[in-house]
Amino acid sequence: MKTPSKNTGRPERHARYRERHRTEIAARMRERRAKDPEAAKAYWRQWYESHPGYFRLRNIARRARLASAYGSFTEAEWQLKLAEHGHHCFYCGASGPLQADHMVPISRGGSNEISNIVPACKSCNARKGTKTTEEFLQRRAC
Ligand SMILES: [Zn+2]
C-alpha cells in the first residue's frame, strides 16, 4: 500500500493541509478501506504500534480540558439524564452501554454541565467526535 505523506519537518504546514483537505482525506481513507479492509486494518495497527504515546497523550489532553471546562455533573444528574432518555442513545436510539456525550464538545468551548450532556452509544459518540450535536445530526441527514 502507498504510504501517506510523512509529517516530518513541517508539522504545522501538515496540520493546515489536513484541516483544509479534511473531507478529501476522509474520502480517500474510506475508499482505501472499502477496497482492501485487511490492508487498511494492518496499516492502522502498524501506525498505532509506531506511535505508542498517541492515545495516552490524547487522554491526558482530554482530561486537562475536562478539568478546566466550566461546570460538572454528578452521578445522580447523569442517572436522571439517562432516565429522561429512557436509557437510549440520543442519536440512534440504541440501548446498552451509554456514554456521556458533550453536545458542544469541550474542545469547542462547551461546558461540562449536565445541560450540555446527552447519553450516546459508543459508536455514535466516536463518530460524532468533535462535531456539535447539530453538525452531527446534519451530517447524518444527508
Ligand atoms: Zn447511538
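Residues numbered from 1 in each chain as written. Predicted model: local features only at pLDDT ≥ 70, side-chain atom pairs only at ≥ 80, totals over all residues.

### Quick look at the overall build of the chain
Secondary structure assignment for the chain yields seven helices and two strands. Walking the chain from its N terminus toward its C terminus, one meets helices and strands in the order α-α-α-α-α-β-β-α-α. Expressed as lengths along the three principal axes of its C-alpha atoms, the size of the chain is roughly 50 × 35 × 25 Å. Restricting the contact set of the chain to residue pairs at least 6 apart, pairs at least 24 apart contribute 58%. (Helix = DSSP H or I, 4+ residues; strand = E, 2+ residues; numbered from the N terminus. Contact = placed C-beta atoms within 7 Å.)

### Concerning unusual backbone geometry
Located in the positive-phi region is His 87, a residue other than glycine, with phi close to 60°. Mapped onto the elements of the fold, His 87 is located in the loop between α5 (75–84) and β1 (98–102). For His 87, a count of 12 C-beta atoms within 10 Å puts it in the exposed group. (Buried ≥ 20, exposed ≤ 12 C-beta atoms within 10 Å, placed from the backbone.)

### Some words on the pairing of strand β2 (residues 117–121)
In terms of burial, β2 is a largely internal element, five of the five residues being buried. On β2, burial covers both faces: Ile 117, Pro 119 and Cys 121 on one face and Val 118 and Ala 120 on the other are all buried. Pairing geometry for β1 and β2, over five bridges, is antiparallel. Pairing of Leu 98 across the sheet is with Cys 121, part of β2. (Pairing = 2+ DSSP bridges.)

### Describing helix α2 (residues 22–35)
Taking 1.5 Å as the rise per residue, α2 with 14 residues should run 20 Å; its terminal C-alpha atoms sit 20 Å apart, in good agreement. Burial analysis of α2 places just zero of its 14 residues in the buried class, which makes it a mostly uncovered element. (Expected span 1.5 Å × (residues − 1).)

### Remarks on the nonpolar core
Within the largest apolar cluster, nine residues are counted, these being Cys 89, Phe 90, Tyr 91, Leu 98, Ile 117, Val 118, Ala 120, Cys 121 and Cys 124. If sequence neighbours within four positions are ignored, Cys 121 has contacts with Cys 89, Cys 92, Ala 94, Gly 96 and Leu 98. (Core = buried A, V, L, I, M, F, W, Y, C linked by C-beta atoms within 7 Å.)

### A look at the confidence of the model for the chain
When pLDDT is averaged along the chain, the result is 87; 91% of the residues meet or exceed 70. Within the chain, the element-level pLDDT minimum falls on helix α4 (residues 54–68), averaging 79, and the maximum on β2, averaging 97. (pLDDT = per-residue confidence, 0-100.)

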